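Results of the structural survey
Next come the chains, spelled out residue by residue.
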Amino acid sequence: MGTNDISILAIESSCDETSASVILNGKVLNNIVATQSVHEKYGGVVPELASRAHQENLIPVILEAISSSGISKDKFSAVAFTRGPGLMGSLLVGVSFAKAFAYAQKIPLIEVNHMQAHVLAHFIEDPKPSFPFICLTVSGGHTQLVLVKDHLEMEVIGETQDDAVGEAFDKTAKLLGLPYPGGPLIDKYAAQGNPRAFQFPITRMPALNYSFSGIKTAVLYFLRDQLKVNPQFIEENLPDLCASIQYSLIEMLLIKLKEAVNQYGLKEIAIAGGVSANSGLRNTLKELAAKKGWNLYVPKFEYCTDNAAMIAMAAHYKYQKGEFSSMDVTPLAKMKI
Ligand code: KG4
Ligand code: ZN
């Protein structure tokens, strides 16, 4: 390690993934992720259990990231953590470790905005989008259209006013009797179903905003009525139900993305967050991009779901600009980009 090298240890603990990553001179060396399976049987993330699991997993995950990086623990230039948005109890575990490490090693502390980091996942590997670009960030907690002007200069131009799209996938999956997280299962069954078999609402919000709470209620009442007539309705129609729900969700996402692209006149389009793993969304987007002449960027799956590599990437840019946090920094459950 030379004196000009920038090496950062980064931590992500905002929701139910405990993750650590080491970045050296802008190159991510590793990305260690411990996924919490404790929530599966509850049908969603239980905040109290999430913070306890972070407490158990954090040190082993960090030790693995440090040892596999080959960098001695007293040679880091800085330590970074997710300040928000996220679950307060989960965030506290990461920020407390980062402060203690910064204090012990006498190195700067860097706070990272989780939503900015999802966008910056696009800079971990090639091909990288060029500025300005539009990023559709779709996860279990967020649905945002972001105008990205530079690495650390972003503007939210549209977002959901209620549920996130991942939440809509998971909640409708739960109504179909599928375990948490149901998004990947809807994706799997949808591949064998007819997206036009049933019609679920396509909610259109003003401006570039989204609303995903209506579809959950629509599916709930639809299933209630059908099950009265045929108790086997779900089993007999699962692929068609999944395909039809997924169709509505993708339509809603793409209507506003197309509007945003027209409004800003851009051709550089990116997608980020856990829901970008959805094969229906990926395929539809690829076709749309080819038709419209967009350059489409989709990160590797491990950088779409919550991970510390994206936190490390964001921290690298902040380090270069000298943007450090003071020791009395506190996590924020809600945090704007
Ligand atoms: O980004 P992420 O790992 O965590 C949050 O920050 O929320 O996203 C998790 C979300 C969950 O709602 C999960 O159901 C959804 O991403 N998801 C999917 C797929 N894979 C993950 N949704 C639909 N299709 C998928 N293949
Ligand atoms: Zn996330």
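In short, a report on the structure. (Residues numbered from 1 in each chain as written. Chains lettered and ligands numbered in written order. Predicted model: local features only at pLDDT ≥ 70, side-chain atom pairs only at ≥ 80, totals over all residues. Heavy atoms only, no water.)

Structural notes on a positive patch on the surface
The grouping of Lys258, Lys267, Lys291 and Lys292 at the surface amounts to a positive patch. Of note, lysine 267 is situated in the loop between α7 (233–264) and β9 (268–272). Assessed through its relative accessible area of 46%, lysine 267 is described here as partly exposed. (Patch = residues over 30% accessible without salt bridge, like charges linked within 9 Å, V, L, I, M, F, W, Y side chains within 5 Å. Areas by Shrake-Rupley, 256 points an atom, 1.4 Å probe, with all protein chains shown as cover. Salt bridge = Lys/Arg side-chain N within 4 Å of Asp/Glu carboxyl O. Lys, Arg positive; Asp, Glu negative; His and termini not counted. Charge placed at Lys NZ, Arg CZ, Asp CG, Glu CD. Helix = DSSP H or I, 4+ residues; strand = E, 2+ residues; numbered from the N terminus. Buried < 20%, exposed > 50% of the residue type's maximum accessible area, 1.4 Å probe, protein only.)

Some points on the sheet that holds strand β5 (residues 109–113)
Pairing in this open sheet of five strands is mixed, and the strands run β3-β2-β1-β4-β5 from one edge to the other. Only two strands of the sheet have a single neighbouring strand rather than two, namely β3 (27–35) and β5. Geometrically, the sheet is characterised by an average inter-axis angle of 20 degrees between neighbouring strands, direction not taken into account. Summarising the sheet, strand β1 (residues 7–12) and strand β2 (residues 17–24) pair through six bridges and their orientation is antiparallel. Residue pairing for β2: serine 7 is matched across the bridge by leucine 24. Of the strands in this sheet, β1, β2 and β3 are in contact with helix α1 (residues 47–69), which crosses β2 at around 20 degrees. (Pairing = 2+ DSSP bridges. Axes fitted to C-alpha atoms, helices over the stretch in contact; angles between N-to-C directions. Contact = heavy atoms within 4.5 Å.)

Focus on the coordination of the zinc ion (ligand 2)
For the zinc ion (ligand 2), the full set of protein donor atoms is His114 (NE2), His118 (NE2) and Asp306 (OD), at a range of 2.1 to 2.2 Å. Motif for the zinc ion (ligand 2), donor spacing along one chain: H-x3-H-x187-D. Taken together, the residues histidine 118 in helix α3 (residues 114–120) and aspartate 306 in the loop between α9 (301–304) and α10 (308–321) connect sequence positions 188 residues apart. Here histidine 118 matches aspartate 306 in class, with each residue buried. (Donors = N, O, S within 2.8 Å, 3.2 Å for Na, K, Ca; no water.)

Looking at the environment of glycine 158
Within the secondary structure, glycine 158 is located in strand β8 (residues 153–159). Judged by its relative accessible area of 3%, glycine 158 is buried. Sequence separation of glycine 158 and phenylalanine 301 is 143 residues, and the distance between their C-alpha atoms is 24 Å. Apart from the residues within four sequence positions on either side, glycine 158 is in contact with Thr143, Gln144, Leu145, Leu208 and Asn209.

A few points about the pattern of salt bridges
In total, this model carries 13 salt bridges according to the counting rule given. Lysine 149 is paired through a salt bridge with glutamate 155; the nearest N and O atoms lie 2.9 Å apart. Of the residues examined, lysine 149 reaches a relative accessible area of 36% and is grouped as partly exposed. The residue aspartate 225 makes a salt bridge to lysine 228 at a minimum N-O spacing of 4.0 Å. Of this pair, aspartate 225 and lysine 228 both sit in helix α6 (residues 213–229), three residues apart, which is roughly one turn of that helix. Overall, aspartate 225 belongs to the partly exposed group, its relative accessible area being 36%. A single salt-bridge network, built from bridges that share partners, covers Asp163, Glu167, Lys171 and Lys216.

Quick look at the nonpolar core
Counting 46 residues, the largest nonpolar core has Ile134, Leu145, Leu176, Leu249, Leu257 and Leu281 as its most contacted members. Among the secondary structure elements, those contributing two or more residues to this core are β6 (133–138), β7 (143–150), α4 (165–175), α5 (183–190), α6, α7, β9 and α8 (279–292). If one sorts the elements of this core by residue count, α7 sits on top with 15 residues. (Core = buried A, V, L, I, M, F, W, Y, C linked by side-chain atoms within 4.5 Å.)

Observations regarding the site of ligand 1
Near ligand 1 lie 19 residues; those nearest to it are Gly140, Asp170, Asp187, Gly274 and Asn278. Within the backbone of glycine 141, an N or O atom sits 3.2 Å from an oxygen atom of ligand 1. The fraction of the free accessible surface of ligand 1 (550 Å²) that becomes covered by protein chains is 90%. If you list the elements that add at least two residues to the shell around ligand 1, you get α4 and α5. In terms of residue class, the shell around ligand 1 is made up of six nonpolar, 10 polar and three charged. Both domain 1 (7–119 + 304–320) and domain 2 (127–299) contribute no fewer than three residues apiece to the shell around ligand 1. (Near = heavy atom within 4 Å. Polar contact = N/O pair within 3.5 Å; in protein donor to acceptor, adjacent residues only side chain to side chain. Nonpolar A, V, L, I, M, F, W, Y, C, P; charged D, E, K, R; others polar. Domains from an automatic or database assignment.)

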